[in-house]
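Given next are the chains, with one letter for each unit.
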Amino acid sequence: MTTIKTNLTKEVLIKLEKHLQDFSYGNSPKELYEPISYIMSLGGKRIRPLLTLLAYSLYREDYQNALTPAMAVEVFHNFTLMHDDIMDEAPLRRGKETVHEKWDTNTAILSGDVMLVKAYEILSEVPSDKLGNCLTLFNKTAREVCEGQQRDMNFETMDEVAESEYLEMIRQKTAVLLGFALQFGAILAGASKEDSQHLYDFGVNIGIGFQLKDDLLDVYADKEKFGKQVGGDIIANKKTFLLIKAKELAKGEDKGKLEEWLSKTDFDKDEKVKEITALYDKLGIKDITETKMTSYFDLGFAQLDDLNISNKEMLAALKDLTQTLIDREQ
């Protein structure tokens, strides 16, 4: 679990969590709405709505007025998780049964659909002078998230995936929602178009960096801290940045060994993880990934330097939250 260090951020997060849990998503039929309350109660870091509120707080002090709009980002995010779990046939979400396991697949599909509608209902409460812009940006973001998910699914049946294709996939699937969350908060607070764009670009760049960090942790995390099987991506032949670079750089015997492991259908999982990790070590894949990841984090933080704000305390809180996520070990 990521530890939130800044007192300002803790205060915002506590009020956000209470707002989320007190909100009524609907009552009848209960079979439709209980799964929504269930997945929303499973917790998580609440990073996306928290970013909305922190971005808002860079320009205004009354962030409580943005609590409900910020919920739209979290409801949409959890809608994507509910449907992703169905597609992945995942049994667990945050250590608890997924909705399609606890209820059934049809219920999960329908409840997810209602979550998307609910996200739009919440978003429609944005002040009328900002609503059109927010809806346009939200629609673009939602479309790109779906495009990113489809690209990721396409990769499963592709023999070769280029680095540029992978980076575009994670930009769409993961990073654009972080960018929108920040941009949304800035727009709600009346920030300039330039500042709103800087915050969007900050979010997208750190979002790509976060996914590269996840790829890295899947192979190199401390088993005691990771919370799930280290090497899961290796076992599944998932086309992560690490595997893409290894396939690009491996030559001769190394290439043959890599292709042999990727083609095996009957293997010892621990042995495969050990052998592929050793190959990554030989090819310097960890350092290459860390360099690429750091370049995106640096690009992101550079955007913050161009903001025209006076609330340095809240800017420090935003930077601290981001650094905490960068430094995470799970």
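These notes cover the structure that comes with them. (Residues numbered from 1 in each chain as written. Predicted model: local features only at pLDDT ≥ 70, side-chain atom pairs only at ≥ 80, totals over all residues. Heavy atoms only, no water.)

1. Digging into the overall build of the protein chain
Right, so step 1: Within the protein chain one finds 16 helices and 2 strands.
Right, so step 2: Whereas a compact globule of 330 residues would reach a radius of gyration of roughly 20 Å, the protein chain reaches 21 Å, a difference of no more than 12%.
Right, so step 3: A buried classification covers 53% of the 330 residues belonging to the protein chain.
Right, so step 4: Approximately 15,800 Å² of the protein chain is accessible, and the part contributed by carbon and sulfur atoms is 48%.
Right, so step 5: Looking at charge distribution, the protein chain has the averaged site of its 42 positive side-chain charges lying 2 Å from that of its 57 negative ones. (Helix = DSSP H or I, 4+ residues; strand = E, 2+ residues; numbered from the N terminus. Rg over C-alpha atoms; globule rule 2.2 N^0.38 Å. Buried < 20%, exposed > 50% of the residue type's maximum accessible area, 1.4 Å probe, protein only. Areas by Shrake-Rupley, 256 points an atom, 1.4 Å probe, with all protein chains shown as cover. Lys, Arg positive; Asp, Glu negative; His and termini not counted. Charge placed at Lys NZ, Arg CZ, Asp CG, Glu CD.)

2. What about helix 1 (residues 7-22)?
Right, so step 1: With 16 residues, helix 1 extends 23 Å between its outermost C-alpha atoms, agreeing within 8% with the 22 Å of an ideal straight helix rising 1.5 Å per residue.
Right, so step 2: Turning to helix 1, its buried residues number three or more, namely Thr9, Val12, Leu13, Leu16 and Leu20. Looking down the long axis of helix 1, one finds its buried residues gathered within 100 degrees of arc, a one-sided arrangement. Facing away from the buried surface of helix 1 by more than 90 degrees, the exposed residues are Asn7, Ile14, Lys18 and Asp22. (Expected span 1.5 Å × (residues − 1). Arc of directions from axis to C-beta.)

3. Some remarks on the side chain of His77
Right, so step 1: Its location among the elements puts His77 in helix 4 (residues 67-88).
Right, so step 2: Residues contacting His77, with those up to four places away along its chain left out, are Arg48, Arg94 and Leu177. (Contact = heavy atoms within 4.5 Å.)

4. Digging into the pattern of salt bridges
A pair can form between side chains of opposite charge whenever their charged atoms are brought close.
Right, so step 1: Taken as a whole and assessed by the stated rule, the structure comprises 21 salt bridges.
Right, so step 2: Of the charged contacts, one joins Glu147 and Arg143 as a salt bridge, the two residues approaching to 3.7 Å between their closest N and O atoms. Highlighted residues: Glu147 and Arg143, both in helix 7 (residues 128-155), separated by 4 residues, approximately one helical turn.
Right, so step 3: Residue class for Glu147 comes out partly exposed when judged on its relative accessible area of 32%.
Right, so step 4: Its salt-bridge partner being Asp152, residue Lys173 comes within 2.7 Å of it at the nearest N-O pair. Of the two residues, Lys173 sits in helix 8 (residues 163-188) while Asp152 sits in helix 7, which places them 21 residues apart along the sequence.
Right, so step 5: Given a relative accessible area of 27%, Lys173 falls into the partly exposed group.
Right, so step 6: Connected through salt bridges with shared partners, the residues Lys140, Glu144, Glu168 and Arg171 form a single ionic network. (Salt bridge = Lys/Arg side-chain N within 4 Å of Asp/Glu carboxyl O.)

5. Let's talk about the packing of aromatic side chains
Right, so step 1: For the structure shown, the criterion picks out 9 aromatic pairs.
Right, so step 2: Ring-pair connections join several aromatic residues into one group, and the members of that group are Phe76, Phe79, Tyr120, Phe138, Phe180 and Phe184.
Right, so step 3: The aromatic ring of Trp261 is capped on one face by Lys264, whose charged end is 3.9 Å from the ring centroid.
Right, so step 4: Of note, Lys286 hangs over the ring of Tyr220, and the distance from its end group to the ring centre comes to 5.0 Å. (Phe/Tyr/Trp six-rings, centres within 6.5 Å; stacked < 30°, edge-to-face > 60°. Lys NZ or Arg CZ within 6 Å of the ring centre and 35° of its normal.)

6. What about the environment of Asp327?
Right, so step 1: On the secondary structure map, Asp327 appears in the segment after helix 16 (312-326).
Right, so step 2: According to the relative accessible area criterion, Asp327 is partly exposed, its value standing at 44%.
Right, so step 3: Separated by 121 residues in sequence, Asp327 and Ile206 place their C-alpha atoms 12 Å apart.

7. Things to note about helix 4
Right, so step 1: With 22 residues, helix 4 extends 31 Å between its outermost C-alpha atoms, agreeing within 8% with the 32 Å of an ideal straight helix rising 1.5 Å per residue.
Right, so step 2: Buried residues dominate helix 4, accounting for 20 of its 22 residues.

8. A closer look at unusual backbone geometry
Right, so step 1: Residue Pro29 is bonded to the preceding Ser28 through a cis peptide linkage, with omega at 0 degrees.
Right, so step 2: Residue position: Pro29 is located in the loop between helix 1 and helix 2 (30-40).
Right, so step 3: Its identity is not glycine, yet Glu89 carries a phi of approximately 55 degrees, on the positive side.
Right, so step 4: Following the sequence through the fold, Glu89 ends up in the loop between helix 4 and strand 1 (92-93).
Right, so step 5: The exposure class of Glu89 is exposed, given its relative accessible area of 66%.
Right, so step 6: The phi dihedral of Arg94 falls on the positive side, at around 55 degrees, and the residue is not glycine.
Right, so step 7: Relative to the assigned elements, Arg94 resides in the loop between strand 1 and strand 2 (96-97).
Right, so step 8: Residue classification places Arg94 among the partly exposed residues on the basis of a relative accessible area of 32%.

9. Examining the nonpolar core
Right, so step 1: Counting residues in hydrophobic clusters, the biggest one holds 88 residues, and the most contacted among them are Tyr166, Leu199, Leu212 and Leu318.
Right, so step 2: Sorting elements by how many residues they give to this core places helix 8 first, with 15 residues.
Right, so step 3: If sequence neighbours within four positions are ignored, Leu318 has contacts with Leu51, Leu54, Leu58, Leu182, Leu199, Phe202 and Leu304.
Right, so step 4: Listed in part, the 16 residues of the second largest apolar core include Leu258, Trp261, Leu283 and Ile285. (Core = buried A, V, L, I, M, F, W, Y, C linked by side-chain atoms within 4.5 Å.)

10. Remarks on the state of the cysteines
Right, so step 1: Scanning all chains against the criterion turns up 0 disulfides.
Right, so step 2: For the unlinked cysteine Cys134, the closest cysteine sulfur is that of Cys146, found at 19 Å.
Right, so step 3: For Cys134, a relative accessible area of 0% corresponds to the buried category.
Right, so step 4: We classify Cys146 as exposed; its relative accessible area is 51%. (Disulfide = S-S within 2.5 Å.)

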